[in-house]
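Working through the structure, step by step
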Amino acid sequence: MSEPLLSVKDLKIHYAVKSKNRLGNAVAYSKAVDGVSFDVYKGETFGVVGESGCGKSTTGKAIVRLLEPTSGDILFDGVPSHTYSRKELARRVQIIFQDPYSSLDPRMTVGRCIEEPLLVHGIGTRAERRSRALQLMADVGLREDQYTRFPHEFSGGQRQRIGVARAIALQPELVVCDEPVSALDVSIQAQILNLMQDLQKKYSLTYIFISHNLSVVKHLCDRIAVMYLGHIVELADKKGLFEMPSHPYTKALLAAIPIADPDVESMTGELSGDVPSPLNPPAGCCFHTRCPYATERCVAEAPQLREISPGHSVACHLCGAAQP
Ligand code: SF4
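All figures in this text were calculated on a predicted structure; none of them were measured in a lab.

In the neighbourhood of the ligand, 13 residues make up the surrounding shell, with C285, C291, C298, C316 and H317 lying closest. In the shell around the ligand, the residues fall into ten nonpolar, three polar and no charged.

Right, here's the structure in full:
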């Protein structure tokens, strides 16, 4: 493969969450992301999946610098992202937010929402910005007469189309898509996903697609990282992950996908218990409190993410060994 467009190396994002003690020190940290590393290549769609609270959105926000990492490196085009000015990084890396209701300013018309990034970056005259906004509206399936309307006049799907148009207004190279369809009806989800695929081809975009929905990720992504409690537990291309899942957590997630066939029983109940608190993560393997195959070694020693076949990495002591 060519040089990665984005490299995330040992990224940690820890939040101080308890009140300070008498000496003025924070006494507890929530380890939202705890040592995550991956590369994203130009033109691909890289999926990040996991349950709520696994750190996937936090990772995405750190990539666009809405959050500052506690430690670790984020390299964009081979250069540490913190060395870019915020404007330069925003021009090259954008984000589509999950909630199309709260991510648009209710006082701005659609046209102004889409033109704002161009205005902030001093791109074009007023007439050129308007023309570009109208082009983007057409690209995402909005009509010209909707230019002067306000967000409250639109449905959720239409609002997300506005969010997509705004995200690509500066022609970024990388777009972090933070659960962009999870707040939408299922019928609308497919429309937005197809739109994103069309725009990826048209504008040569690279996506990081964050989702808790494995079916959506399977439809859209080339490679996928599975996250659990701030760690990547499995990373593989789509074929490897869906045809030969290796980590017990990935297997449990796949088994829980509903099957649209009344004669086929879907396998639920593989996972017991809740995700532990990132304030007090388990020692050893972060998954051992819910893993049906956990051994004493799993409690004592954290498994490293290691390659089990080309492009397929897993963090599990049992990997390579037969699981019951
Ligand atoms: Fe389960 Fe142990 Fe593998 Fe962790 S290392 S996933 S606890 S078998």
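Overall, the coordinates contain five aromatic pairs when judged by the stated rule. A ring pair is formed by Y228 and F287, whose centres lie 5.0 Å apart and whose planes are at 85°; its orientation type is edge-to-face. With Y228 in strand β9 (residues 223–228) and F287 in the loop between α9 (248–255) and α10 (296–300), the pair connects residues that are 59 residues apart, well separated along the chain. Among the aromatic residues, those joined into a ring-pair cluster are Y228, Y249 and F287.

So, about the pattern of salt bridges. Inspection of the entire model under this criterion finds 15 salt bridges. The residue D77 makes a salt bridge to R92 at a minimum N-O spacing of 2.7 Å. Placement of D77 in the loop between β4 (71–76) and β5 (79–80) and of R92 in helix α2 (residues 86–92) is noted, with a sequence separation of 15 residues between them. With a relative accessible area of 40%, D77 lands in the partly exposed category. For R92, a relative accessible area of 12% corresponds to the buried category. Salt bridges here are not isolated pairs; linked through shared partners, they connect D77, E88, R91, R92 and E173.

In space, the eight strands of this open sheet follow the order β6-β7-β8-β3-β9-β10-β12-β11, with mixed pairing throughout. Of all strands in the sheet, those with a lone pairing partner are β6 (93–96) and β11 (306–309), marking the two edges. Each neighbouring strand pair of the sheet contributes to a mean axis angle of 25°, computed without reference to strand direction. Summarising the sheet, strand β7 (residues 174–178) and strand β8 (residues 206–211) pair through five bridges and their orientation is parallel. Each bridged residue has a counterpart across the sheet, and for L174 the counterpart in β8 is T206. Its contacts with the sheet put α9 on β9 and β10 (231–237), and the angle it makes with β9 is roughly 105°.

Glancing now at the nonpolar core. Counting 55 residues, the largest nonpolar core has I114, I162, L199 and F209 as the members making the most contacts within it. Among the elements that line this core, the one with the most residues is helix α6 (residues 186–203), at six residues. Dropping the residues within four chain positions of it, L199 is found in contact with D139, V140, V164, I168, S204, L205 and Y207.

Here we come to the side chain of S7. Locating S7 in the fold gives a position in strand β1 (residues 6–16). At a separation of 2.7 Å, a polar atom in the side chain of S7 contacts the side chain of D39. Those residues in contact with S7 that sit more than four places away from it in its chain are F38, D39, D73, I74 and L75.

Moving on to the sheet that holds β4. Judged by pairing direction, the sheet is antiparallel, and its four strands sit side by side in the order β2-β1-β4-β5 without closing on themselves. Looking at strand neighbours, the two that pair on one side only are β2 (29–40) and β5, the edges of this open sheet. Relative to β2, β1 runs antiparallel, the two being bridged by nine bridges. Residue pairing for β2: K12 is matched across the bridge by D34. Sheet strands touched by helix α1 (residues 56–63): β1, β2 and β4. Its angle to β1, the strand with the most contacts, is close to 115°.

Of note, D139 is situated in helix α4 (residues 126–139). The class for D139 is buried, based on a relative accessible area of 13%.

Another aspect to go through is the packing of helix α3 (residues 110–120) against α4. Axis separation between α3 and α4 bottoms out at 9 Å; the angle between their running directions is 120°. One finds that α3 runs oblique with respect to α4. Classified by chirality, the crossing of α4 by α3 is right-handed. In this structure, α3 contributes V110, G111, I114, E115, L118 and L119 to the contact, and α4 contributes R129, R130, R132, A133, L136 and M137. In terms of residue class, the contact of α3 with α4 is made up of seven nonpolar, one polar and four charged.

The first and last C-alpha atoms of α4 sit 20 Å apart over 14 residues, in line with the 20 Å expected at 1.5 Å per residue. Among all positions in α4, only R129, R132, A133, L134, L136, M137 and D139 are buried. Next to the buried residues of α4 lie α3, α5 (156–168) and α6. Of the residues trailing α4, G141 is marked for its positive phi of about 85°.

Here is what the cut-offs are and how they apply
Residues numbered from 1 in each chain as written. Predicted model: local features only at pLDDT ≥ 70, side-chain atom pairs only at ≥ 80, totals over all residues. Heavy atoms only, no water. Near = heavy atom within 4 Å. Nonpolar A, V, L, I, M, F, W, Y, C, P; charged D, E, K, R; others polar. Phe/Tyr/Trp six-rings, centres within 6.5 Å; stacked < 30°, edge-to-face > 60°. Helix = DSSP H or I, 4+ residues; strand = E, 2+ residues; numbered from the N terminus. Salt bridge = Lys/Arg side-chain N within 4 Å of Asp/Glu carboxyl O. Buried < 20%, exposed > 50% of the residue type's maximum accessible area, 1.4 Å probe, protein only. Pairing = 2+ DSSP bridges. Axes fitted to C-alpha atoms, helices over the stretch in contact; angles between N-to-C directions. Contact = heavy atoms within 4.5 Å. Core = buried A, V, L, I, M, F, W, Y, C linked by side-chain atoms within 4.5 Å. Polar contact = N/O pair within 3.5 Å; in protein donor to acceptor, adjacent residues only side chain to side chain. Parallel < 35°, antiparallel > 145°, perpendicular 65-115°, else oblique. Left-handed = near helix turned anticlockwise from the far one by under 90°. Expected span 1.5 Å × (residues − 1).

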